[in-house]
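Summary of the model geometry
Single-letter residue listing:
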Amino acid sequence: MPKPVVLIAEELSPATVEALGPDFDVVDVDGTDRPALLAALATADAILVRSATKVDQEAIAAAPNLKVIARAGVGLDNVDIKAATAAGVMVVNAPTSNIISAAELTVGHILSLARHIPAAHSALAQGQWKRSKYTGTEIFEKTVGIIGLGRIGALITARMQAFGTNVVAYDPYVTSARAQQLGVTLLSLDELLAQSDFITIHMPKTPETTGMISDDQLALMKPSAYIVNVARGGLIDEDALFRALTGGVIAGAGLDVFVSEPPTDQKLLGLENVVVTPHLGASTDEAQEKAGVSVAKSVRLALSGELVPDAVNVAGGVIDPSVRPGIGLVEKLGQVFSGLAVSPLTSVDVVVRGEIAAFDVSVLKLAALKGIFTNQVSETVSYVNAPLLAEQRGVTVRLITDPVSEEYRNIINLTGALSDGSQISVSGTLTGTKQIEKIVEINGYDVEVPFAEHLLVMMYDDRPGIVAVYGREFGDASINIAGMQIARTTAGGKALSVLTIDSPAPEGLLERVRTAIDADVLTEIDITA
């Protein structure tokens, strides 16, 4: 079998390729060379990029085998997530790879502003000895205001507290308990602006946060205060900032990010009270290596068919070790479920009962949908596009949890309604120390059947001699029955028989068996691992 092709479209750390390992054919291409990129995508199973390569709808359409787009960094402005989702392509990034580097750069900007380090260096490099001009201020016992107390904000808090500062913060989504844990006082935005000597902003860029620091907010700051933005360009209104810096409203600013990069408006860059860097928040060897290794591991998971919980276009989350073994079980249950359907599916309930119901089991709904559609549609089905396929087909999906399971430690049931008014159901569990995947119920009949590549499900009137009839038919066709279980509700009523066979059964054989036993249901279900 040929190895999956991983396309590396930009320069990444050597550790990235090492983390991929020997199981892939790694191909390098210049992602900024559009014709070369589109040609290389024709055989790619995965692509790794940084920020220069545009993975848009055209690029995704040129990659019929593509399963994952990996951005070795945080921002995803260069990836068309909507087009990727529609194509079933997982999008992953490295959201924590640069948090330490960004926090340290923020501290660097604060120190540079407090002690005029860049300006003093520039003057001395030109032979000018201006000690009095560059008299600075200590940050000891000053108030540092952090706008956005997420992961980076928390790292900056710890570092600034080490300097003996008083840290205050504004974040509408942080609880007082979390702030107390960090040793931070929560304030309103206006209060923070008025009280702080140094302000640093760490918010995501959204329509609500764009321009959140403008003339009115800058006017609230102390004339001796400084503001730093190492997060996203545009959070601070650049025109308003220029007016505040030239009009003595605030003392200075540190900027690593800009509305346009490189900046098209040079007016901020020429001010003496501004320290600027060219978007260096993630530009450390360590951050680049972390980003590359992180997405390489995600690519390995995605190409092996595993769910990457923190993929940006998958409704996932951290998967508890108690829940993870159920993913493969539920995906197989979904395949059995769709195999039982005799008309289009209109709704499905994924019911999780038992101890694992105490955890986040949303991944099991994704696994069920992936299994249900795997053999129903022509396109590749993934954890990414399975919910979209359900939506497009008008299938209502519910996840139901119940901590009580009377017969098994944990049991997962799929129940669905079909367009003809009928209902189908299948249940499964994991048994024993080896966690064997088993089917334990089909359409209300209790069974206990391990999964196999080929399953036959039959329903017929319970009467003597039936097993001999279909046993002879399969024997004459040289198809070995590896396992069999029969369930019934009453003697002489309807019986359900589940067979595992070692090879596929031709349709002609199935039709002969169907006629010979007068079966109400006879369907072969092939299980894809």
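Residues numbered from 1 in each chain as written. Predicted model: local features only at pLDDT ≥ 70, side-chain atom pairs only at ≥ 80, totals over all residues. Heavy atoms only, no water.

Next up on the list: the overall build of the protein chain. When helices and strands are tallied, the protein chain shows 17 helices and 22 strands. In terms of overall dimensions, the protein chain is more spread out than a globule: its C-alpha atoms have a radius of gyration of 31 Å, far above the 24 Å expected for 529 residues. If one aligns the C-alpha atoms of the protein chain with their principal axes, the spans along those axes are about 105 × 50 × 40 Å. When the 529 residues of the protein chain are sorted by exposure, 48% land in the buried category. Counting only contacts in the protein chain whose residues sit at least 6 apart along the sequence, the fraction spanning at least 24 positions is 62%. Only carbon and sulfur atoms are counted for the fraction: they give 52% of the accessible area of the protein chain, which is about 24600 Å². Both charge centroids of the protein chain, one from 39 positive and one from 62 negative side chains, sit 4 Å from each other. (Helix = DSSP H or I, 4+ residues; strand = E, 2+ residues; numbered from the N terminus. Rg over C-alpha atoms; globule rule 2.2 N^0.38 Å. Buried < 20%, exposed > 50% of the residue type's maximum accessible area, 1.4 Å probe, protein only. Contact = heavy atoms within 4.5 Å. Areas by Shrake-Rupley, 256 points an atom, 1.4 Å probe, with all protein chains shown as cover. Lys, Arg positive; Asp, Glu negative; His and termini not counted. Charge placed at Lys NZ, Arg CZ, Asp CG, Glu CD.)

What follows is about helix H16 (residues 466–476). Within H16 the residues assigned to the buried category are Ile466, Tyr470, Glu473 and Phe474. One face of H16 carries all of its buried residues, which in axial projection span an arc of 95°. As for H16, its buried residues are in contact with strand E19 (454–461), strand E20 (481–488), strand E21 (494–501) and helix H17 (507–517). (Arc of directions from axis to C-beta.)

Of the two faces of strand E9 (residues 198–201), both are covered, the one formed by Phe198 and Thr200 as well as the one formed by Ile199 and Ile201. Here E9 pairs with strand E10 (residues 226–229) via four bridges, running parallel. For isoleucine 201, the partnering residue across the bridge sits in E10 and is asparagine 229. (Pairing = 2+ DSSP bridges.)

Looking now at the nonpolar core. Judged by nonpolar contacts, the single largest core of 73 residues is most densely connected at Met90, Val299, Val336 and Leu364. Counting residues per element, this core draws most heavily on helix H14 (residues 362–374), at eight residues. Ignoring anything within four residues of it in the chain, the contact list for methionine 90 reads Lys67, Val68, Ile69, Ala302, Glu306, Val308, Ala311, Asn313, Val314 and Val384. (Core = buried A, V, L, I, M, F, W, Y, C linked by side-chain atoms within 4.5 Å.)

All right, on to the environment of aspartate 197 then. Within the secondary structure, aspartate 197 sits in the loop between helix H9 (189–195) and E9. You can call aspartate 197 buried: its relative accessible area is 12%. Along the primary structure aspartate 197 and glutamate 141 are separated by 56 residues, whereas in three dimensions their C-alpha atoms are 9.9 Å apart. Ignoring any residue separated from it by four or fewer positions in sequence, one finds aspartate 197 in contact with Lys142, Thr143, Lys222, Ser224, Ala225 and Tyr226.

Two elements in contact, helix H5 (residues 99–115) and helix H7 (residues 151–161), have axes whose closest approach is 9 Å; the angle formed by their N-to-C orientations is 50°. Regarding the angle of H5 to H7, the classification is oblique. For the pair H5 and H7, the crossing hand works out as right-handed. Between H5 and H7, the contacting residues are Ile99, Ile100, Ala102, Ala103, Glu104, Thr106, Val107 and Ile110 on the first element and Arg151, Ile152, Leu155, Ile156, Arg159 and Met160 on the second. For the contact of H5 with H7, a count of residues per class yields ten nonpolar, one polar and three charged. (Axes fitted to C-alpha atoms, helices over the stretch in contact; angles between N-to-C directions. Parallel < 35°, antiparallel > 145°, perpendicular 65-115°, else oblique. Left-handed = near helix turned anticlockwise from the far one by under 90°. Nonpolar A, V, L, I, M, F, W, Y, C, P; charged D, E, K, R; others polar.)

This part takes up the pattern of salt bridges. Using the criterion set out here, one finds 20 salt bridges in the structure. The partner of arginine 488 in a salt bridge is aspartate 462, with the nearest N and O atoms 2.5 Å apart. With arginine 488 in strand E20 and aspartate 462 in the loop between E19 and H16, this residue pair connects regions lying 26 residues apart in the sequence. Classification of arginine 488 as partly exposed rests on a relative accessible area of 49%. A salt bridge links arginine 512 to glutamate 473, with the nearest nitrogen and oxygen atoms 3.6 Å apart. Highlighted residues: arginine 512 in helix H17 and glutamate 473 in helix H16, separated in sequence by 39 residues. Beyond isolated ion pairs, a larger network of salt bridges with shared partners links Arg34, Asp56 and Glu58. (Salt bridge = Lys/Arg side-chain N within 4 Å of Asp/Glu carboxyl O.)

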